[in-house]
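Chain by chain, the residues:
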Amino acid sequence: MANPAPSSALVQQRPPVIRQRLALGLMLIAIPCSMFWLDRDVALACGALKRDFPAVIAPFQAMTDIGKSMWYLYPLAVYGTLMLALQRLRPAEKPRWRRHFFITLFIFANIAFSGLAVDIIKIIVGRPRPVLLLEENIFNQFTAFAFKSRWWSFPSGHSATMLSLALGVGAVWPRARLFLLPLAGLGAASRVIVTAHYASDMIGGLLVACLVFMGLTQLFEVRGWVTWSKRPR
């Protein structure tokens, strides 16, 4: 007798756990390595490029705006609210609207919680941004709870947002990863090129996005909102 189809709102393939853990381990190693041996030189080089060749930096300056979470959270919130309303207005089609609601909630939560985590870490860590290196030669003078945006360099919020979007959407529509993951990587790199962040800040933002994604994947499965089909670990 065939197994009944899962009753949860969303069924997708379980993300490859081994690759996830390997990626997390590499990022954890890369962050301190970048802080001590890469960040300063890259920031100075990008600062010189920004000063001497602004036309080269201009496209990256425009690109970096795609990492603003508001571009995604507001439309997702509106769409999710609409899906809740349709469950009440059209009860005969409730499973359909429920499925769309949890898809939306999964993507929204990835972006929102990674952004919240990044903001909290920024305040606690208090790392000076590259602009303070370029203008005042201040580098890695961590000042916790500075409550000034110039001291909120680590981790990169834009990088976290872009990867959270790519992972969340990619979990639902795997083919979208072919476009979204390279876009997230390029957008994250633009934060370094425009001297808004150091390379390690970018990696830190990507790490936060990965951790939030893994946690939400488990949470949605435990709550029955999503069932990930099994695959070898």
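Cut-offs and rules
Residues numbered from 1 in each chain as written. Predicted model: local features only at pLDDT ≥ 70, side-chain atom pairs only at ≥ 80, totals over all residues. Heavy atoms only, no water. Patch = residues over 30% accessible without salt bridge, like charges linked within 9 Å, V, L, I, M, F, W, Y side chains within 5 Å. Areas by Shrake-Rupley, 256 points an atom, 1.4 Å probe, with all protein chains shown as cover. Salt bridge = Lys/Arg side-chain N within 4 Å of Asp/Glu carboxyl O. Helix = DSSP H or I, 4+ residues; strand = E, 2+ residues; numbered from the N terminus. Buried < 20%, exposed > 50% of the residue type's maximum accessible area, 1.4 Å probe, protein only. Expected span 1.5 Å × (residues − 1). Arc of directions from axis to C-beta. Axes fitted to C-alpha atoms, helices over the stretch in contact; angles between N-to-C directions. Parallel < 35°, antiparallel > 145°, perpendicular 65-115°, else oblique. Left-handed = near helix turned anticlockwise from the far one by under 90°. Contact = heavy atoms within 4.5 Å. Nonpolar A, V, L, I, M, F, W, Y, C, P; charged D, E, K, R; others polar. Lys, Arg positive; Asp, Glu negative; His and termini not counted.

Moving on, we come to a nonpolar patch on the surface. Residues Phe113, Leu116, Ile120, Ile124, Phe145 and Phe147 make up a contiguous nonpolar surface patch of roughly 640 Å² in combined accessible area. Looking at the secondary structure, you find Phe147 in the loop between α6 (130-136) and α7 (157-172). Phe147 sits in the exposed class, given a relative accessible area of 55%.

Attention shifts here to helix α2 (residues 39-52). In this model, α2 (14 residues) spans 20 Å end to end at C-alpha, consistent with the 20 Å of a helix rising 1.5 Å per residue. Every buried residue of α2 is listed here: Asp39, Ala43, Cys46 and Gly47. Each buried residue of α2 lies within a common arc of 105 degrees when the element is viewed along its axis, so the set occupies one face.

Any two side chains of opposite charge can pair, so long as their charged atoms come close to each other. Inspection of the entire model under this criterion finds 7 salt bridges. Asp201 is the salt-bridge partner of Arg127, the closest N and O atoms lying 2.8 Å from each other. Here Arg127 is found in the loop between α5 (94-125) and α6, whereas its partner Asp201 is found in helix α9 (residues 199-222), with 74 residues between them in sequence. Comparing Arg127 with Asp201, the two get one shared label, buried.

Viewed as axis vectors pointing N to C, α5 and α9 meet at an angle of 140 degrees, and their least axial separation amounts to 9 Å. With respect to each other, α5 and α9 are oriented oblique. Pair α5 / α9 crosses with right-handed handedness. Contacts from Phe102, Leu105, Phe106, Ala109, Asn110, Phe113, Ser114, Ala117, Val118 and Ile121 of α5 reach α9 at Val208, Ala209, Val212, Phe213, Leu216, Thr217 and Phe220. For the contact of α5 with α9, the class distribution of residues is 14 nonpolar, 3 polar and no charged.

We now examine the side chain of Lys122. Relative to the helices and strands, Lys122 resides in helix α5. Within the buried core, Lys122 has no salt-bridge partner, and the shortest N-O distance to an opposite charge, that of Asp119, equals 5.7 Å. Beyond its immediate chain neighbours, meaning those up to four positions away, Lys122 contacts Arg129, Trp151, Trp152, Ser153, Phe154, Pro155, Ser156, Gly157 and His197.

The values reported here are purely geometric and, on their own, carry no functional implication.
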